[in-house]
Amino acid sequence: MKTYIDLHLHSTASDGTLSPSEIVAHSASVIKKTSSPVVIALTDHDTVSGIPSFLETAGKYGELLKAIGGVEISSDYHGTEIHILGYGIDPKNEKLLSRLEMFRKSRDERNTRIIEKLQLAGMDISLSDLPCANPGETVARPHIARALLKKNYVSSVKEAFELYLGEGKPCFVPRILPDVKEAVSLIQESGGIAVLAHLMLYKSLNAAQKSALVAELKEAGLSGIETYYSTYTPVEEAYVESLAKKYGLILTGGTDFHGQTKPEISLFSGKGNLEIPDWILPEFFAALN
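I will try to describe carefully the structure that is included in this document. Everything numeric in this text was worked out from a predicted model, so none of it was measured. (Residues numbered from 1 in each chain as written. Predicted model: local features only at pLDDT ≥ 70, side-chain atom pairs only at ≥ 80, totals over all residues. Heavy atoms only, no water.)

The next thing to look at is the overall build of the chain. Counting its regular elements, the chain contains nine helices and seven strands. In terms of C-alpha radius of gyration, the chain reaches 18 Å, essentially the compact-globule figure of 19 Å for 289 residues. Overall, the chain is about 55 × 45 × 40 Å in size when its C-alpha atoms are taken along their principal axes. Relative to its full complement of 289 residues, the chain shows a buried share of 53%. Counted over contacts in the chain with a minimum sequence separation of 6, partners at least 24 positions apart contribute 73%. About 13,000 Å² of surface is accessible on the chain, with carbon and sulfur atoms providing 52% of the total. The average position of the 29 basic charges and that of the 36 acidic charges among the side chains of the chain differ by 2 Å. (Helix = DSSP H or I, 4+ residues; strand = E, 2+ residues; numbered from the N terminus. Rg over C-alpha atoms; globule rule 2.2 N^0.38 Å. Buried < 20%, exposed > 50% of the residue type's maximum accessible area, 1.4 Å probe, protein only. Contact = heavy atoms within 4.5 Å. Areas by Shrake-Rupley, 256 points an atom, 1.4 Å probe, with all protein chains shown as cover. Lys, Arg positive; Asp, Glu negative; His and termini not counted. Charge placed at Lys NZ, Arg CZ, Asp CG, Glu CD.)

Given below as structure tokens:
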């Protein structure tokens, strides 16, 4: 029997549009339809605030639904923003919480500067137009994009990034990020395993640089690499799998689901054809324990 797997999910605790509990409920609908088991992980950006309700809701569905608390930490590698996924972390770890709060403050400062640029471009928008985050939650560019959409400055969140908020666009603002090795260390110190997210999205790195990144992170304590991802071609998937084999890393996979922030990406299937094989699970769970 097929196991439905999605180890890269975002909720309203960061920039998704479904709450942690709603993500669990949507995932559990697969069980009702197919009687197949489900394995999901919540990996919000720079916050663990959604984990308690995520795990609590998951506990209501019994053994067929396995939920893992996680995080996605943005970090810097020689000027390229790299994302590190952490699984099985302790969401109460004081050092983790302290550093994540600092990372969110960096986002907040960036949000202010983006809003100022949008205002200079003639748009009637302010920080008060953004959702008021609960303590520990992350407000980021997708929230600004949705505010622009609400005010009819753009026709979609995607257009907001294409015209204003994406890298190289008029209102883009870079932010200060922790070193990529610190992100790995932080995850390890909070009891989790570190996994390199969506390697093939880092277009500024060539093949040799990608391999060097994986080698450095493996030495720093990296446990795995996200091999199955919504946008990967078969060639890209095979390349990432070859790096995992070369450096002795476990394989993981996920859709990078954000709800209506990325409406083209669905739970479990990504853009429609994502297949995450269940044979990756034994090594993944072994690494967690």
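Having seen the structure, we can now continue with the description.
Attention now goes to the pairing of strand S1 (residues 4–9). Counting buried positions along S1 gives five out of six residues, so the element sits mostly inside the fold. Crossover handedness for the path S1 to helix H1 (residues 20–34) to strand S2 (residues 38–42): right-handed. (Right-handed = clockwise from strand over helix to strand, strands pointing away.)

Following the criterion strictly, the structure yields eight salt bridges and no others. Between Lys95 and Glu189 there is a salt bridge, and its shortest N-O distance comes to 2.7 Å. Pair noted here: Lys95 is in helix H3 (residues 94–120) and Glu189 is in helix H6 (residues 180–189), with a separation of 94 residues, a long-range link. Residue classification places Glu189 among the partly exposed positions, given a relative accessible area of 43%. Glu182 is the partner of Arg99 in a salt bridge, and the nearest nitrogen-oxygen pair spans 2.7 Å. With a gap of 83 residues between them, Arg99 in helix H3 and Glu182 in helix H6 connect regions that are remote in the sequence. (Salt bridge = Lys/Arg side-chain N within 4 Å of Asp/Glu carboxyl O.)

The tally for this structure, following the rule as stated, stands at four aromatic pairs. With 5.3 Å between their ring centres and 85° between their planes, Tyr87 and Phe284 make a pair best called edge-to-face. Of this pair, Tyr87 sits in strand S4 (residues 80–87) while Phe284 sits in helix H9 (residues 281–288), and the two are 197 residues apart along the sequence. Taken individually, Tyr87 and Phe284 each receive the classification buried, so the pair is uniform in this respect. Ring pairs connect the aromatic residues Tyr87, Phe284 and Phe285, which therefore count as one cluster. (Phe/Tyr/Trp six-rings, centres within 6.5 Å; stacked < 30°, edge-to-face > 60°.)

Purely geometric stuff here, so don't read any function into it on its own.
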